[in-house]
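Descriptive structure summary
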Amino acid sequence: MSWNQRITSALQQRRDQDLWRTRRTLGSSQGVDIVVDGQSLLNFCSNDYLGLASQGGDDLAAAAQQWASGSGASHLVCGHSQAHHDLEDALAEHTGYPRALLFSTGYMANVGAISALAQRGDRVLQDKLNHASLLDGAILSRADLKRYRHADCDHLKQLLRSEHKGETLIVSDSIFSMDGDLADVPQLAAISKAHDALLMIDDAHGFGVLGDHGCGVTKASGLTPGDVPVYVGTLGKALGGYGAFVAGSEDLIDYLTQFARSYIYTTAMPAAVAQGMLGNFERLQDNRLRDALNQHIAHFRAGARERNLPLMPSDSPVQPLLIGDSGRAQALSQALYQRGIWVSAIRPPTVPQGSARLRITLTSAHTTEQIDRLLDALADLIQEQAV
Ligand SMILES: *Cc1c(COP(=O)(O)O)cnc(C)c1O
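First things first, this report covers the structure right here in the doc. In this text the structure is predicted, and so the values were computed from the model without any measurement. (Residues numbered from 1 in each chain as written. Predicted model: local features only at pLDDT ≥ 70, side-chain atom pairs only at ≥ 80, totals over all residues. Heavy atoms only, no water.)

**What to know about the pattern of salt bridges**
- With the rule as written, the count across this model stands at 10 salt bridges.
- For the salt bridge of Arg99 with Glu250, the shortest nitrogen-to-oxygen distance reads 3.2 Å. Remark: Glu250 occurs in helix 10 (residues 250-259) and Arg99 occurs in strand 3 (residues 99-103); sequence separation between them is 151 residues.
- With a relative accessible area of 43%, Glu250 lands in the partly exposed category.
- With a closest N to O distance of 3.3 Å, Asp152 and Arg149 form a salt bridge. (Salt bridge = Lys/Arg side-chain N within 4 Å of Asp/Glu carboxyl O. Helix = DSSP H or I, 4+ residues; strand = E, 2+ residues; numbered from the N terminus. Buried < 20%, exposed > 50% of the residue type's maximum accessible area, 1.4 Å probe, protein only.)

This is the structure:
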């Protein structure tokens, strides 16, 4: 097959399977009320769980006045600034770890950490529903990648019992990005210890959301850095910014600084961005934001139950409704859009075949009235089988 044929047939297949992905272009800053193509929309699909993406503009502007645009080079050459350093210290302290290392994105943090830690002959055991970046890191490492059934610790133990010579790395999301449920991190920690495996937890959706002041899953579960030795947090979700970090021991961070290729061979994020994050980092610690968020989650779930909507077992701000068929999920998303509500339809390959869903995300910045408006529209469309 020629390149042209491969490309056109892959595109045609995506269309035929109702898996075509499109982008909509925002004309306003991220938030609950946004403007898309001149139309006002109520947004229920961002990961901006604390409503911080629309804040901190003044902090960024002030940081840009000081640091201007570019960092000029990678961290190890001459791109590492006091602003990056201060943010790393603040993140380590907040999550309860000795040190933290900033990466430009969560994707790069995961790929870099796993591919630096695991090597040929090792094995990486991952939850079946882990984020794509975790799987990609394992593939890049050339270690043996095995996936255990979602949240199934017995299956994980079964995999661990099979003969293996190299080291073992166990990797899981904390809050699963497309399902919203929370991994049993204490049990994963116990299993890892019992089998001399290293545990890495991707807390992309838990940092800022879980625990007092949003400290993340380790402290929130009553665990220590010894229990969860490799912790990943992102700054693009609850913090409302951009970037990510790995937290761990002095040695782990030194090791990643030396060997994580997605840390070494890339330009450091602009110092202004790092410094600009510090304002939102202060805001994130206000527990009133999490109280409001948790009230919204409870309100949404109670309302969805009353209306018989296909809820999934999630206590987090990620509240998917399981639809199944990709075409129907897409049609529901479009019908909501026509009513001024934006909820994205998540389809394979992001989720397993036959499990297309509406991925609703709640933020502390929503109001009860807005959530009721969503619930009523969903009930209309799903229960009335209008779509
Ligand atoms: C979003 C996400 C990432 C990637 O983080 P970015 O900073 O957006 O690159 C990694 N892991 C999980 C579980 C995520 O949901």
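Continuing now.
**Remarks on the pairing of strand 1 (residues 33-36)**
- Burial along strand 1 is one-sided: the residues Ile34 and Val36 are buried and none of Asp33 and Val35 is.
- Direction of pairing for strand 1 relative to strand 2 (residues 39-43): antiparallel, over a ladder of 4 bridges. By the bridge assignment, Ile34 is partnered in strand 2 with Leu41.
- Connecting strand 1 to the next strand, strand 2, in antiparallel fashion are 2 residues, including Asp37 with a positive phi near 50°. (Pairing = 2+ DSSP bridges.)

**Thoughts on the side chain of Ser316**
- Mapped onto the secondary structure, Ser316 falls in the loop between helix 13 (287-306) and strand 10 (318-324).
- With relative accessibility at 5%, the residue Ser316 sits in the buried group.
- Sequence-distant contacts of Ser316, defined by excluding residues within four places in its chain, comprise Ile175, Gly180 and Ile297. (Contact = heavy atoms within 4.5 Å.)

**Considerations on the site of the ligand**
- Neighbouring residues of the ligand: 13 residues in total, closest Gly106, Tyr107, Asp202, His205 and Lys237.
- At a separation of 2.7 Å, an oxygen atom of the ligand approaches a polar backbone atom of Gly106.
- Between Tyr107 and the ligand, the recorded distance is 2.9 Å, taken from a backbone N or O atom to an oxygen atom.
- Calculation on the ligand without its partners gives an accessible area of 380 Å², and the protein chains cover 82% of this total.
- A total of 3 residues in the shell around the ligand trace back to one element, the largest contributor, which is helix 5 (residues 106-117).
- Classifying every residue of the shell around the ligand gives 2 nonpolar, 8 polar and 3 charged. (Near = heavy atom within 4 Å. Polar contact = N/O pair within 3.5 Å; in protein donor to acceptor, adjacent residues only side chain to side chain. Areas by Shrake-Rupley, 256 points an atom, 1.4 Å probe, with all protein chains shown as cover. Nonpolar A, V, L, I, M, F, W, Y, C, P; charged D, E, K, R; others polar.)

**Focus on the sheet that holds strand 6 (residues 168-173)**
- What the 7 strands build is an open sheet, ordered 3-9-8-7-6-4-5; its pairing is mixed. Looking at strand neighbours, the two that pair on one side only are strand 3 and strand 5 (144-148), the edges of this open sheet. Neighbour-to-neighbour, the strand axes of this sheet turn through a mean angle of 20°, independent of strand direction.
- With 5 bridges connecting them, strand 3 and strand 9 (residues 244-248) associate as antiparallel partners. Within strand 9, the position partnered with Phe103 by the bridge is Ala244.
- Along the sheet face, helix 4 (residues 82-95) touches strand 3, strand 8 (230-234) and strand 9 and points at about 130° away from the line of strand 3.
- The strands touched by helix 10 are strand 3, strand 8 and strand 9; relative to strand 9, the strand with the most contacts, the crossing angle is about 135°. (Axes fitted to C-alpha atoms, helices over the stretch in contact; angles between N-to-C directions.)

**Structural notes on helix 4**
- With 14 residues, helix 4 should reach 20 Å at 1.5 Å per residue; the first-to-last C-alpha distance of 20 Å fits that figure.
- Every buried residue of helix 4 is listed here: Ala83, His84, Leu87, Glu88, Ala90, Leu91, Ala92, His94 and Thr95.
- A distance of 3.2 Å separates the backbone nitrogen of Ala83 from a side-chain oxygen at the start of helix 4, and that oxygen is part of Ser81.
- One or two steps after helix 4, the chain reaches Gly96, where phi turns positive at roughly 85°. (Expected span 1.5 Å × (residues − 1).)

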